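Observations on the model geometry
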Protein chains: 2
Amino acid sequence: MARTRTSISDLAQQLGISISTVSRALADHPSISDATKKKVWKLAKALHYQPNHMAAGLRKGRSNLLGVIVPHIDGHFFTMVVKGIEAVAAKAGYNVLICQSNEDVAHEQKNIETLLNAQVEGILVSLARTTRTFTHFEKVRMQQIPLVFFDRVLEGLDVSAVVIDDREGGYQATKHLLEQGYRRVAHFSGPQHLNIYKNRRQGYLDALHEYNLPVVEELIFNCNMALEDGERGIEYLLALPEPPDAVFSASDFSVVGALQLLKQRGLRVPQDIALVGFSNETFTSFTDPLLTSVDQRCEQMGQAAVRLFLEMREENDGLYSPRRVVLQPDLMVRASSGIKQQLEVEAD
Amino acid sequence: MARTRTSISDLAQQLGISISTVSRALADHPSISDATKKKVWKLAKALHYQPNHMAAGLRKGRSNLLGVIVPHIDGHFFTMVVKGIEAVAAKAGYNVLICQSNEDVAHEQKNIETLLNAQVEGILVSLARTTRTFTHFEKVRMQQIPLVFFDRVLEGLDVSAVVIDDREGGYQATKHLLEQGYRRVAHFSGPQHLNIYKNRRQGYLDALHEYNLPVVEELIFNCNMALEDGERGIEYLLALPEPPDAVFSASDFSVVGALQLLKQRGLRVPQDIALVGFSNETFTSFTDPLLTSVDQRCEQMGQAAVRLFLEMREENDGLYSPRRVVLQPDLMVRASSGIKQQLEVEAD
DNA sequence: GTTGGCTATACAAACGTTTGTGTATATCTA
DNA sequence: TAGATATACACAAACGTTTGTATAGCCAAC
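Not measured: the values here are computed from a predicted model.

Criteria and thresholds
- Residues numbered from 1 in each chain as written.
- Chains lettered and ligands numbered in written order.
- Predicted model: local features only at pLDDT ≥ 70, side-chain atom pairs only at ≥ 80, totals over all residues.
- Heavy atoms only, no water.
- Buried < 20%, exposed > 50% of the residue type's maximum accessible area, 1.4 Å probe, protein only.
- Helix = DSSP H or I, 4+ residues; strand = E, 2+ residues; numbered from the N terminus.
- Pairing = 2+ DSSP bridges.
- Right-handed = clockwise from strand over helix to strand, strands pointing away.
- Contact = heavy atoms within 4.5 Å.
- Buried area = accessible area lost by both parts, 1.4 Å probe.
- Salt bridge = Lys/Arg side-chain N within 4 Å of Asp/Glu carboxyl O.
- Polar contact = N/O pair within 3.5 Å; in protein donor to acceptor, adjacent residues only side chain to side chain.
- Nonpolar A, V, L, I, M, F, W, Y, C, P; charged D, E, K, R; others polar.
- Least-squares fit on C-alpha atoms with pLDDT ≥ 70 in both.
- Axes fitted to C-alpha atoms, helices over the stretch in contact; angles between N-to-C directions.
- UniProt positions renumbered as here; feature names shortened; annotations may be inferred.
- Near = heavy atom within 4 Å.

Some points on the pairing of strand β9 (residues 274–278) of chain A
Residue and element names in this part refer to chain A. The buried fraction of β9 amounts to five of the five residues, a majority that puts the element mostly inside the structure. Neither face of β9 is left uncovered, since the one carrying A274, V276 and F278 and the one carrying L275 and G277 both have all their residues buried. When strand β8 (residues 246–249) meets β9, the two strands line up parallel, connected through three bridges. Each residue of the ladder has a partner; that of F248, found in β9, is V276. In the classification by handedness, the crossover that spans β8, the intervening helix α11 (residues 252–264) and the parallel β9 is right-handed. In this sheet, strand β10 (residues 292–295) lies alongside β9 in parallel orientation, the contact comprising three bridges. Bridging from a neighbouring strand, F278 pairs with V294 of β10.

Structure representation (structure tokens):
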């Protein structure tokens, strides 16, 4: 077989026309006659012509590569965001390079080097939980490469980002519990330097306020949102003189931990304590009872992030004006937060 | 700032030497004097020189891109394999393009087109569960692009692949149950056109044989290995005149389904029925009791796959001789398969 | 003092595109 | 009929590298 792939000049030679004509014909350029175009297309197909992206990229100064940095792709959320990203990116002719920071700043920094090295045209990033500074992104800015954050953003930073309305999510989750009749609602809260946890907590506070309920500090448990944190958290809450009748957790992981410990102690969910999580992870369907959770529109988030990048790319002045997209969360009500009154009646 | 990045010729100009000298200096070529090299390196650093991969790739006929197709990256297994792949690939100077087939052949086909289009130098693939033919891979072969399968391979296909010894895994899992004293061991079995499920089943059979136990067909439940399949499977088994005292499932997902249904019915694990899964998924640590499972050496598998690709790349004759790497599985014993006798004593 | 063999560098072609500009032919306008 | 316009194509430069080959300078050997 052909040791070398068929190139544009092979087509030109075989058709007896110039290289530039072939190039323009393939690109459907208006100044090429339909007859010629058809000839070119036909031969290209026959010879299994595949354009050389690197050559084109070199000439056009583009790589058609889009870089993505996520903390991990274990769970449901980032996996789905990546899916959304890939869908839109593919449509725009981009290939996606995915990097995992493993929730570690140092790794995040390395990821950036890698992507810069690969000459990506833009970088989409959701911060590691340990990231507290912006310095390692300066290089990206200096090279005038569009930078879009999604979900996790550093507080008070003027950058383009797509986030969900975490405050609204926290508000809805808590309000839902209150509507079901629960009155002593606790909260598992995460690192406050990250927008998401801060806002979810704010939503929780807002809902309490709306119901004229006092904020009981001892009902707010600060942690890292892991499974074990949930176990520790519920243990702590149960030990209180006046334990809560419901918990709104800023993460599904910690709520699963809580659920496990509750079951171990022989307590029933939601009869004894109702639970609501955040992220709508897949495993919320693995538990018994099914967990109420806040859906984050993961796929939409990914799509929006790419669209934001595409918009920024158009602004050739290089001084990208930061834009922000806010998606609305969606409360998925399931068994773990059933109506209190009704349950009590049933329990009789 | 510089509208255009610094190139090799900028360096050459500023140093008053030729482009080729700079290129060779950067590559640490022996025919360049140390003095010159140092000058070049110094200036390169000062000017933040970043090599243009596309130009180099064009010249060298390489893309430094490696394509990966996995069924999905939701669970633990493929996520970790990808991690292993990325580690070794990065060391060899490759960037990794990840595609998800979503367990769908049509999607898989599209993924291949995408990767071919991106001019990857090799493709690593784990088949979708619905893939039964090889036709869509012919194009890859024709272009003489190294193709390496991992984990899921089509039966009887002469291709390079890295797999685990699934038979051994099934054998160990079953033998472990028998050693613990269980004597009526059932099996959840998957689609038999895929190597992995076929071999796991064979391992199960081999272990029974070794213990001179008869193969009871009604104790083998064929399914698709999803959570619901596990529920259905255990329901079926419990309804038998003589139910099993243990189940070895070819997947962790179905074993979780079984566990949930057992608990729902008030049956205890492992006292009433012991369970062993396959894959050592993360959520085996989310369950109560913890699940015994067969670890698949995910990261090693990814690493081995890349190494296989690198080897094939060296064989420039293009006619790659298929090689196969077989990794040894690792039984992770946890609570769900405790010793039968001991449990009975305790239960007294 | 010619030849040979180093060493360190320069020259130039090539990789496969894209794209600005030049040009031949045909068509239209005055 | 001369000139303007439009159409459809060709020419050639450029993108930033790598790499085979040529060359200049130098030293040793005959």
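Thoughts on the interface of chain A and chain B
With 39 residues of chain A at the contact, the number on the chain B side is 39 residues. Considering only the side of chain A, the residues that lose the most area to chain B are M54(A), Q119(A) and F286(A), jointly responsible for 19% of the buried surface there. Counting across the chain A and chain B interface gives zero salt bridges. Applying the counting criterion to the chain A and chain B interface returns six residue pairs in polar contact (both at pLDDT 80 or more). Among the secondary structure elements, those contributing two or more residues to the side of chain A that touches chain B are α4 (53–60), α5 (76–91), β2 (95–100), α6 (105–117) and α11 of chain A. Broken down by class, the residue content of the side of chain A that touches chain B amounts to 15 nonpolar, 18 polar and six charged.

With respect to the relation of the copies chain A and chain B
One copy of the chain maps onto the second through a rotation around an axis plus a translation along that axis. When chain A is fitted onto chain B, the two copies agree to an RMSD of 0.1 Å after a turn of 180° and an axial shift of 0.0 Å. Taken together, the rotation and translation relating the two chain copies correspond to the operation of a two-fold axis. Relative to the rotation axis, the closest C-alpha in chain A is found at M54(A), a distance of 2.6 Å. Both copies contact each other with a shared surface, as 100% of the interface residues of chain A are interface residues in chain B too.

Describing the sheet that holds β8(A)
Residues and elements named next belong to chain A. One open sheet accounts for six strands, arranged β7-β6-β8-β9-β10-β12; its pairing is mixed. Where the open sheet ends on each side, the last strands, each with one partner, are β7 (220–222) and β12 (330–332). Averaged over neighbouring strand pairs, the angle between their axes works out to 15° when direction is ignored. Where β10 lies against β12, three bridges are found, and the strand directions are antiparallel.

Brief notes about the UniProt feature "domain: HTH lacI-type" (unreviewed entry) in chain A
Under the feature "domain: HTH lacI-type" (unreviewed entry), the UniProt entry names residues 6–60 of chain A. A distance of 21 Å separates the end C-alpha atoms of residues 6–60 of chain A, which is 67% helix and 0% strand.

A look at the environment of A258(A)
Residue and element names in this part refer to chain A. When you line up the elements, A258 lands in helix α11. Its relative accessible area of 0% is what places A258 among the buried residues. Along the backbone, A258 and V247 are 11 residues apart, and their C-alpha atoms lie at a distance of 9.2 Å. Contact partners of A258, with chain neighbours within four places excluded, come to F188, G230, E231 and I234.

Remarks on the protein's contact with DNA strand C
Residues in contact with DNA strand C amount to 25 residues; listed here are only the nearest, S23(A), R24(A), R59(A), T21(B) and T36(B). Measuring from a phosphate oxygen of DNA strand C, one finds a side-chain N or O atom of S23(A) at 2.6 Å. In the environment of DNA strand C, a phosphate oxygen lies 2.7 Å from a nitrogen or oxygen atom belonging to the backbone of S18(B). For the surface near DNA strand C, the per-class residue count stands at nine nonpolar, 11 polar and five charged.

Regarding the environment of S126(A)
Residue and element names in this part refer to chain A. Tracing the backbone shows S126 in the loop between β3 (122–125) and α7 (138–142). Linking S126 and V70, residues 56 residues apart in sequence, is a C-alpha distance of 5.2 Å. Once residues lying within four places of it in the same chain are set aside, the contact partners of S126 are I69, V70, P71, F78, E108, F150, D151 and R152. Of note is the side chain of S126, whose polar atom sits 3.4 Å from the backbone nitrogen of R152.

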